[in-house]
Amino acid sequence: MSTTKPGLPQSPMKRMPKWLKITLSVFAVLFVLALIFGESAPEKPAPPAAAPTTTTSTPASKVPQPAEYVVAGVEDGDTVELTGPAGTISARILGIETPPPTGDSCFRDEAYQWANLALSGKEVTAVVDEVQRTVVSLVLADGTDYVTQTLQTGRAKFVADAALGTAAAGLRTAEAAAKAAGLGLWAQPCGGVITSAPKQAAVPQPAPAPAPAPTKQAAPPKTTAPVEAPEPAAAYYKNCDAARAAGAAPLSAGDPGYSLKLDRDKDGIACE
């Protein structure tokens, strides 16, 4: 017989079977115990940290800086020996080309003498790449740029080099001025060619002296042989009239044409 009081609604728990209530209660207890004593979900292991990469930076090449040097010697027009903080080195001056030190190169002696006079034993301020053994810039004690002055006076030719940077444009201008003015190696006999012997100017040969005119030999004096008077031709006059007509009368004995027949009185004169 039901004990449910009539007229009152029944709760859902009261309507559920007992076994279901017990099951739900057990699950509820287990859930609470799991919340209290249960292990937390294992954390995912963090990925292993990447090994730190050690970057070995290559040290930047040391940029040459201006320093004080003494020119210990001049090997040729574009190679010098410099004594500085690191000792004495032989270095090539960038931006210029001079005749080779050997052979019969044109303008060789002039280029060497200029460099020797301007640099030997002098204190200079230079930018030197001691690794490459090159001189990027060379300034004399009075502030004169040696490379620019050498090109302006025609004592070297310009040679481009990346190490010169923006200075290359000014050096080209200096060379162009010397070339236009025909200075130094741009003049004859080199004409800008310094890798060969100078052209020898043809020496004019004197014209051969004209052969002396033959002297006229004085002609020997003409010897005129005496002209012998021709013997009078034999004349004949028929009579005195013929003798007179010939202009021969009167005729003396011995005259051409004289005859006794014309001399009537026989006195030796005919046609008197």
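Residues numbered from 1 in each chain as written. Predicted model: local features only at pLDDT ≥ 70, side-chain atom pairs only at ≥ 80, totals over all residues. Heavy atoms only, no water.

A closer look at the layout of surface pockets
And step 1. Empty space within the largest pocket amounts to approximately 330 Å³.
And step 2. Along the wall of the largest pocket there are 13 residues; nearest its centre are Lys62, Val63, Pro64, Val128 and Glu130.
And step 3. Among the elements of the structure, β1 (66-76) and β5 (123-129) are those that each provide at least two residues to the lining of the largest pocket.
And step 4. Of the residues contributing to the lining of the largest pocket, the split by class is seven nonpolar, three polar and three charged. (1 Å grid on protein atoms, 1.4 Å probe; cavity = no way out; pocket = protein on both sides within 12 Å on 5 of 7 lines; lining within 4 Å. Points joined across faces, edges and corners; volume = space filled by probe spheres on them. Helix = DSSP H or I, 4+ residues; strand = E, 2+ residues; numbered from the N terminus. Nonpolar A, V, L, I, M, F, W, Y, C, P; charged D, E, K, R; others polar.)

Some points on the confidence of the model for the protein chain
And step 1. Per-chain confidence: the protein chain averages 80 in pLDDT, with 72% of residues scoring 70 or above.
And step 2. Taking the mean pLDDT of every element in the protein chain, the minimum, 57, falls on helix α1 (residues 12-15) and the maximum, 97, on helix α4 (residues 146-152). (pLDDT = per-residue confidence, 0-100.)

Here we look at the pairing of β5
And step 1. Direction of pairing for β1 relative to β5: antiparallel, over a ladder of five bridges. Residue Glu68 lies in a different strand from β5, and its bridge partner there is Thr125.
And step 2. What sits between β5 and strand β6 (residues 134-139) in their antiparallel hairpin is a turn of four residues, with Arg133 showing a positive phi close to 55 degrees. (Pairing = 2+ DSSP bridges.)

Things to note about the pairing of β1
And step 1. Note: β1 against strand β2 (residues 79-84), five bridges, orientation antiparallel. Each bridged residue has a counterpart across the sheet, and for Gly73 the counterpart in β2 is Glu81.
And step 2. Between β1 and β2, which pair antiparallel one after the other, the connecting turn spans two residues.

As for the state of the cysteines
In protein chemistry, a disulfide is the covalent bond that joins the sulfur atoms of two cysteines.
And step 1. Counting across every chain of the model gives two disulfides.
And step 2. With its sulfur 1.8 Å from that of its partner, Cys106 forms a disulfide with Cys190. Given an S-S torsion of about -85 degrees, the disulfide between Cys106 and Cys190 has left-handed geometry. Placement of the pair is Cys106 in the loop between β4 (96-97) and α3 (108-119) and Cys190 in the loop between α5 (167-181) and α6 (240-245), with a sequence separation of 84 residues. The residues Cys106 and Cys190 share a single accessibility class, namely buried. (Disulfide = S-S within 2.5 Å. Buried < 20%, exposed > 50% of the residue type's maximum accessible area, 1.4 Å probe, protein only.)

Points about the sheet that holds β5
And step 1. One closed barrel holds the five strands; their spatial order is β1-β2-β3-β6-β5, and the pairing between them is mixed. Strand-to-strand twist in this sheet, taken as the mean axis angle between neighbours without regard to direction, amounts to 55 degrees.
And step 2. Docked against the sheet, α3 engages β1, β2, β3 (87-93) and β6, running at close to 145 degrees with respect to β1. (Axes fitted to C-alpha atoms, helices over the stretch in contact; angles between N-to-C directions. Contact = heavy atoms within 4.5 Å.)

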